[in-house]
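Coordinate inspection notes
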Amino acid sequence: MLRTRLDLDRIHAARRVIDPVFLDTPLYPCEALGRRLGCAVSVKVETVNPVRSFKGRATELVTSLLGEQGRAAVVCASAGNLGQALAWSGRRRGLDVTVVASRRASVAKLDRVRALGAELELVDGDIETARERAADIARERGVRLLEDSLDVETCEGAATIGLELARARRGFDTVLIALGGGAMATGIGYALKSLAPGVEVICVQPAGAPAMTRSWHERRVVTTESTDTIADGVAGRHPIPEVLDDLLAVADDAVLVRESSIITGIRLLLEHADLVVEPSAALGVAAVLEDRDRFRGRHVVTVVCGGNVDPHAHERWVRG
């Protein structure tokens, strides 16, 4: 019996309120990428939807619940993807959405938040500063604060990916999941450990933003003073204790990867899978690149979690 905040019945119910445009995303073997990496590789593609990331699964669930509660407004902090998804889902349900982000966030992501109709407030500092400001706004306006990973709905929305993987079970034995705040890793991990417990769940984080991985290994919250990574979507510094507890229950391992491996992963996903991805989405490929012996002879699924990338940065990484 898994002891987490998540519930399998609620995860199944979430599929009934999430717009189908986010569900049943492609899962297919990529033989060319597998040959390059030295193991069988399948990709679960979460970028072919209106917000180009898996976050829409969570925001569809959250905004549906807010509508049932008669709430009219919501605020969140975001590095870009959650903000886009919340803006999309909120607009669909007539909610006023405010997104707080760092001035250093991806311009491409911020432009899409604005284009989707959300109020965007920029702050100096990083995502942790944005979280503090979002909490202030929620108190000042008396509106709902959506806290990614802490709010269990964000984990259970992501867990619907795990339901789809468990249902497919096309011979894979390992799933590689990008690790940031932990919503996707705990959600997918919980669904897999509940329905396909033999699958190994490995979380992957940049060495330049290692807080959650260090916390998992030490079994206590470990914070960092700063981050230094191109994978902005997973660059948190302050792990949430409740999320760490969930992660400890469902993850088999958590590993760190170098920036050079992330860039190579971006290039390989373009060359061999024709996928334009943001750095966070290349973490699974980076993990295989850095430990080929571990994955040789195995069949891994890597979750391609986002495609919101600045085109100039992407071109620079691809060209090397």
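Residues numbered from 1 in each chain as written. Predicted model: local features only at pLDDT ≥ 70, side-chain atom pairs only at ≥ 80, totals over all residues. Heavy atoms only, no water.

For the chain, the name recorded in an unreviewed UniProt entry is Threonine dehydratase, with Saccharothrix yanglingensis as its organism. The record in UniProt for the chain states the following under Cofactor (unreviewed entry): "pyridoxal 5'-phosphate". (UniProt positions renumbered as here; feature names shortened; annotations may be inferred.)

**Some details on the environment of G233**
Looking at the secondary structure, you find G233 in the loop between α9 (211–218) and α10 (241–250). What makes G233 partly exposed here is its relative accessible area of 42%. Sequence separation between G233 and T4 is 229 residues, and the spatial gap between their C-alpha atoms is 24 Å. Once residues within four sequence positions are removed from consideration, G233 is found in contact with A79 and S280. (Helix = DSSP H or I, 4+ residues; strand = E, 2+ residues; numbered from the N terminus. Buried < 20%, exposed > 50% of the residue type's maximum accessible area, 1.4 Å probe, protein only. Contact = heavy atoms within 4.5 Å.)

**Here's the deal with helix α8 (residues 183–195)**
For α8, with 13 residues, the first-to-last C-alpha span of 18 Å sits near the 18 Å given by 1.5 Å per residue. Among all positions of α8, only A183, M184, A185, T186, G187, I188, G189, Y190, A191, L192 and K193 are buried. Contacts from the buried residues of α8 go to α1 (8–14), α7 (152–168), β7 (174–178), β8 (200–206), α10 and β10 (299–304). (Expected span 1.5 Å × (residues − 1).)

**Points about the UniProt feature "domain: Tryptophan synthase beta chain-like PALP" (unreviewed entry) in the chain**
This chain's UniProt record puts "domain: Tryptophan synthase beta chain-like PALP" (unreviewed entry) on residues 22–306. Split by type, residues 22–306 is 47% helix and 18% strand. Its first and last C-alpha atoms lie 12 Å apart.

**Thoughts on the pattern of salt bridges**
One pass over the structure, following the stated rule, counts 32 salt bridges. A salt bridge links D124 to R103; its shortest N-O distance comes to 2.9 Å. Separated by 21 residues along the polypeptide, D124 in the loop between β5 (119–123) and α6 (127–141) and R103 in the loop between β4 (96–102) and α5 (107–115) bring together distant segments of the chain. By relative accessible area, R103 is classed as exposed at 51%. The residue E121 makes a salt bridge to R133 at a minimum N-O spacing of 2.6 Å. You can see E121 sitting in strand β5 and its partner R133 sitting in helix α6, a full twelve residues away along the chain. Its relative accessible area of 23% is what places R133 among the partly exposed residues. (Salt bridge = Lys/Arg side-chain N within 4 Å of Asp/Glu carboxyl O.)

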